[in-house]
Amino acid sequence: PALHELGPSDSLSAPTAPSQDPAFRGSVAGELDFGEIEIPLSGSAASLRGGTSARGGRPVDSGPPHSGADAVVRQASGGVEYGEVNLEGESQEVPIDAAPRVPSAGRAAGAEEGTEFEAIPQEDQPVPSAARAGAVRVALEPPVARGVSRRRWGFAAIGLFVALVGAGGALSLFPELGPFGYHLVLDRLNRDAHQALLVATVDKSRGLLVGDGYAEAKRALSLFDRARATAPRSDAIMAYSAFLGYLVDLRFGGSPEAAARSKVLLDTLKDAENVKHLDLARAAGAASERSKQARGLVGSLLRTAPRDIDTLVLGGELELIEGRAKEALDIWKRAAELERGARTSFGLARAELASGDASNAEKRAEEALERNRDHVGARLLVAEIALRRKGMEAKTVEKLEAIIADSAGASVDERVVAQTLLGELHLARGRVNAADKAFAGALRVKPKSSRALTGLGNALYRTGRYTEALARFDAAVQADSGALAARVGAAKAELSLERVKDATTALAQLVARHPESLSVAFWYAKALEAAGERGKAEELYRKALSFEGLDSERVEAAVALSMLLNQSGREGDAAAVLKKAQEDMPTSSAVYRALGELALAQGRYEDAERHLRKALDLDQDDLESRFRLGVALRRAKDFDGAMRAFDAVQRVDAEFPGLALERGLMFEASGQTKRALSAYEGALAKAPDDADLMLRVGCGKVAAGRPGEAEELLRKVLTDRPTSAEVNHCLGRALLAEGSRLADALRLLERAAELDPHRSEYHLYVGWAANEAGNLAKAETALERAVELDQGLAGAYWQRGVLRNRQGAVKDAIVDLTRALRLNPSLYEAHAALADAYYDLGKEAQALAEWQRALAQDQSRALWHFRYGRLLADNRRRDEARAELARAIEIGNADASPPVWLWEAHRVLAQVLGLQPAAATHWEEFLRLAPGDSPYRDEARRVLAELGRSPIP
């Protein structure tokens, strides 16, 4: 409709060319397109152009500048951007008398010259060239006297002109009005067209979003970008555009540009009222920013518009993000009644999975794929569910790698999830190096992905690099403060770094917030156990076993509870816990791997091998079980079998945690010293300066019988961690193994027990060192504490048996030593101690049998060969005695410091040989090494004389 009827004196001209304003380009039918507005001035007009394009006074492009007769006259107070008129431009002054006399459009040629307004450029007058760059500046000289009335009327006309222009320009201070009410007029004229544009764009965008693809979501955003360009001041279009940007960010993540653009739009509308879709946009903004008000805002919308699909989708996404699975499922079901598409199917799938119903979740995901075969999210969800199933690994890896390779249609978060799922799959199968690479790939796409950081933290934790793991877990928590797995990871890393108090505090808070989380309950129980609160730990382990969770988590809890019960002397209860786990999860490889590890820790190598082979029968790709099998075979002295197992692991993951160290131990035990050293170096190759790895390798070298090399590494770690109980303990064990520095060893071992008084093993080694140093009172106190803390610790009974034998309580010693062997049949040192005890009781036959069992396990102990050989000699088993004594002397001579009993070994061997020439050498060595007051010196000289050898003084 026309603004008003135009009369003969009006000069509101129609545009001579289409508008150049991009805000109006491509407008819908029915819109007016104002290129310029002319204000009449005595038959001529000053052309007014420009205006603001949107709320806030943003200027729009008003087309190319006029030139020549179309030049714009500007007012002194502003420029053309705001529709103002300037009478003081930058051009030179033009005297009226010098101005060219060109007939104006307002009068006929030949009319009277010298009128009052002739100095004002008219439409058909030439304009000085300077006006092309700005406005014309006109200097009015004193007028020629023409009469008072004409002058007054001229001034009045000028005043009226200035007032009109000023009033119209002043409206530009109100962006919604624009200069001369330009925007107000235009918006009213196009109200119906803008409403039609909104409805059409919303319908089309919803049609795109039904498919739930990232590419379609981006197209929907583009639709609203174009709509806003067409109707830049439509509040409703701006509001829905803001909602849409937030929704895309909520659904796909990793869309900060969309969210930022929405925030700008919402800020523009902060004072607006009664705008369609504005409440929806504000609720979406609160949800995107994780505001506490989000749920209240969305809930209000759901009550007022319970069947609005946008509100339902927003509510479903919010409930999923905040972890309310039941509420999310209810909302997505309501949404599915209104919209049958991939979006609602996938929403239901995610809600079902969050509710713990993986079967229905998979069905819904497959339904989403039927409706959109390229749906990346549904493909990822199906892969995630397949991770939990036996035999699905190869197919799952293939699916994930396909998504990663063809990620054009995937959002940033979807690409990250694909890489992260692949990493989690590798980690679950023990392929730590492959997992590390997958997580690193995810972090290259999104450096602050909480889930990928958590996965990398778990991979580092598995390799024993606890400090680095803690850093990744902390970064994951910073990226997402609600990430439960990251918080649990940080707590378990703290626990491994001996920060028991910090770990316990953090886990106590998590238990309060997540009372039914298996992983939280399990690790809190571990922390309580480390803090010495075993009663509470047992209660929590049992509680954890009643929660839903992965098989691996349930098995960990069962094994931890079993070991705790065993330490308390409740062996029957411990066995019952493991039996129930086996019955509940009969086809889980994790159960048999855990049973194998437990048997391995208890020295039952045959049982360990049987359980681990069963785990591999159930899952041939379980790299962790294969590695543990190699360890069991190595300890059982089956070096060929161990080598095959370790080689199989290396083919899959050459950097598997602990592989290099275990190979070194195997080479060491089989006499391949050079290969052992190479393996030890490889254990530190990935992170040579990492204190955690140095500690692991140092402790490993202690176990391998290389205390000197271990000491060098461990002292470096001790410099950085002087209050670490584990570092002090391992270094003390290294010095204890060297044998000549018992005082230093005892000091370090006692320091470890002071720093962590709840570790029974630490008290065991204090007792052991005190036994060796002859401090029987200290040994007794430490060993009693070790047994009190862990009644299943075989080593504590062994050392207490040694102590009681020295105290003369031989029968009590035999009881302790027998129990030690029952708890750990591979504790061959107990056989040697038992042999001494039987000998002291006069039971030499039993003593000989125990020596034979001890040496069957370890042929490298020179002292054992000597004692066994001497007892064989006493029992007139000369041939056997000769072999054992010769072996004892051979090993003793190889030591850097000859053992103190070496002279006696030469004497006994010489007596066994009799008057043979070979005996002469041993008698000579006896005379050289034996004390001067030995009663056997005379016998040595006599035999040497009989053998024709010169006696040694």
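What counts, and where the lines are drawn
Residues numbered from 1 in each chain as written. Predicted model: local features only at pLDDT ≥ 70, side-chain atom pairs only at ≥ 80, totals over all residues. Heavy atoms only, no water. Helix = DSSP H or I, 4+ residues; strand = E, 2+ residues; numbered from the N terminus. Buried < 20%, exposed > 50% of the residue type's maximum accessible area, 1.4 Å probe, protein only. Contact = heavy atoms within 4.5 Å. Areas by Shrake-Rupley, 256 points an atom, 1.4 Å probe, with all protein chains shown as cover. Salt bridge = Lys/Arg side-chain N within 4 Å of Asp/Glu carboxyl O. Core = buried A, V, L, I, M, F, W, Y, C linked by side-chain atoms within 4.5 Å. Expected span 1.5 Å × (residues − 1). Arc of directions from axis to C-beta. Phe/Tyr/Trp six-rings, centres within 6.5 Å; stacked < 30°, edge-to-face > 60°. Lys NZ or Arg CZ within 6 Å of the ring centre and 35° of its normal. Axes fitted to C-alpha atoms, helices over the stretch in contact; angles between N-to-C directions. Left-handed = near helix turned anticlockwise from the far one by under 90°. Nonpolar A, V, L, I, M, F, W, Y, C, P; charged D, E, K, R; others polar. Polar contact = N/O pair within 3.5 Å; in protein donor to acceptor, adjacent residues only side chain to side chain. Parallel < 35°, antiparallel > 145°, perpendicular 65-115°, else oblique.

Turning our eyes to something else, we now look at the overall build of the protein chain. The helix and strand tally for the protein chain stands at 45 helices and five strands. The buried share of the protein chain, reckoned over its 953 residues, is 50%. Partitioning the intrachain contacts of the protein chain with sequence separation of at least 6 by distance along the chain shows that 53% fall at a separation of at least 24. Summed over all atoms, the accessible surface of the protein chain reaches about 45500 Å², with 50% contributed by carbon and sulfur.

Evaluation of the coordinates by the stated rule reveals 64 salt bridges. A salt bridge links Glu 711 to Arg 741; its shortest N-O distance comes to 3.1 Å. Of the two residues, Glu 711 is situated in helix 32 (residues 707–720) and Arg 741 in the loop between helix 33 (725–738) and helix 34 (742–755); the sequence distance between them amounts to 30 residues. Judged by its relative accessible area of 28%, Arg 741 falls in the partly exposed class. What you see here is one network of salt bridges that share partners, running through Arg 295, Glu 319, Glu 322 and Arg 324.

What follows deals with the nonpolar core. By size, the foremost hydrophobic cluster in this structure holds 97 residues, and its most contacted members are Trp 798 and Trp 923. Every residue in contact with Trp 923, bar those within four places of it in the chain, is listed here: Arg 907, Ala 910, Gln 911, Tyr 936, Glu 939, Ala 940, Val 943 and Leu 944. If you look at the next biggest cluster of nonpolar residues, it comprises 66 residues, including Ala 435, Leu 456, Val 520 and Ala 521.

Okay, the side chain of Asn 805 next. Secondary-structure assignment places Asn 805 in helix 37 (residues 794–806). Judged by its relative accessible area of 15%, Asn 805 falls in the buried class.

With that out of the way, let us pick up unusual backbone geometry. The backbone of His 277 shows a phi angle near 75 degrees, a positive value even though the residue is not glycine. Relative to the elements of secondary structure, His 277 occurs in the loop between helix 6 (256–268) and helix 7 (278–288). Of note in the backbone geometry, Glu 498 takes a positive phi value of approximately 70 degrees without being a glycine. Tracing the chain through its elements places Glu 498 in the loop between helix 19 (484–496) and helix 20 (500–513).

Before going further, it helps to examine helix 26 (residues 605–618). In this model, helix 26 (14 residues) spans 20 Å end to end at C-alpha, consistent with the 20 Å of a helix rising 1.5 Å per residue. For helix 26, the full list of buried residues reads Tyr 605, Ala 608, His 611, Leu 612, Ala 615, Leu 616 and Leu 618. For helix 26, the buried positions fall inside an angular range of 160 degrees around the axis, keeping them on one side. Set apart from the buried face of helix 26 by more than 90 degrees, the exposed residues are Glu 606 and Asp 617.

A word on the packing of aromatic side chains. Counted according to the given criterion, the structure contains 16 aromatic pairs. Arranged with centres 4.9 Å apart and planes meeting at 50 degrees, the rings of Phe 627 and Phe 656 form a pair that is tilted. On the criterion of sequence distance, the pair formed by Phe 627 in helix 27 (residues 623–635) and Phe 656 in the loop between helix 28 (639–652) and helix 29 (659–669) is long-range, its members being 29 residues apart. Residue Phe 627 is classed as buried on the basis of its relative accessible area of 5%. Through a chain of ring-to-ring contacts, the aromatic side chains of Tyr 461, Tyr 466, Phe 522, Trp 523 and Tyr 541 assemble into a single cluster. In this structure, Arg 251 is placed above the aromatic ring of Phe 252, and the distance from its NZ or CZ to the ring centre is 4.3 Å. Between Lys 492 and the ring centre of Tyr 461, over which it is positioned, the NZ or CZ distance is 4.8 Å.

Residue position: Ala 576 is located in helix 24 (residues 571–584). Taking the relative accessible area as the measure of exposure, Ala 576 reaches 44% and is therefore partly exposed. Remark: the alpha-carbon pair of Ala 576 and Ser 562, spanning 14 residues in sequence, is separated by 8.3 Å.

Moving on, we come to the environment of Met 238. With respect to the element layout, Met 238 can be found in helix 5 (residues 235–252). Note: C-alpha distance between Met 238 and Asp 225 (13 residues apart in sequence) is 9.3 Å.

It is worth spelling out the packing of helix 20 against helix 21 (residues 518–530) at this point. Helix 21 packs onto helix 20 with a crossing angle of 145 degrees between their chain directions and a minimal axis gap of 9 Å. Relative to helix 21, the crossing made by helix 20 is left-handed. Here Val 500, Thr 504, Leu 507, Ala 508, Leu 510 and Val 511 of helix 20 lie close against helix 21, whose contacting residues are Val 520, Trp 523, Tyr 524, Ala 527, Leu 528 and Ala 530. Its residues assigned to classes, the contact of helix 20 with helix 21 comprises 11 nonpolar, one polar and no charged.

What follows is about the environment of Ala 918. With respect to the helices and strands, Ala 918 occurs in helix 44 (residues 917–929). Considered as a pair, Ala 918 and Leu 947 are 29 residues apart in the sequence and their alpha carbons are 9.8 Å apart.

What follows concerns the side chain of Arg 350. For Arg 350, the position within the fold is in helix 11 (residues 342–354). Residue class for Arg 350 comes out buried when judged on its relative accessible area of 18%. For Arg 350, the side chain forms a polar contact with the side chain of Glu 317, separated by 2.8 Å. Ignoring sequence-local partners within four residues, the contact set of Arg 350 consists of Arg 251, Glu 317, Leu 320, Trp 332 and Leu 381.

Turning our eyes to something else, we now look at the packing of helix 12 (residues 358–371) against helix 13 (residues 376–386). Each pair of packed helices can be summarised by the angle the axes make with each other and by the distance between the axes. With their axes 9 Å apart at the nearest point, helix 12 and helix 13 run at an angle of 150 degrees to one another. With respect to helix 13, the element helix 12 is oriented roughly antiparallel. Seen from above, helix 12 lies across helix 13 with left-handed handedness. Residues Ala 358, Ala 361, Glu 362, Ala 365, Glu 366, Ala 368 and Leu 369 of helix 12 form the contact with helix 13, whose own contacting residues are Ala 378, Arg 379, Leu 381, Val 382 and Ile 385. Of the residues belonging to the contact of helix 12 with helix 13, the class tally is nine nonpolar, no polar and three charged.

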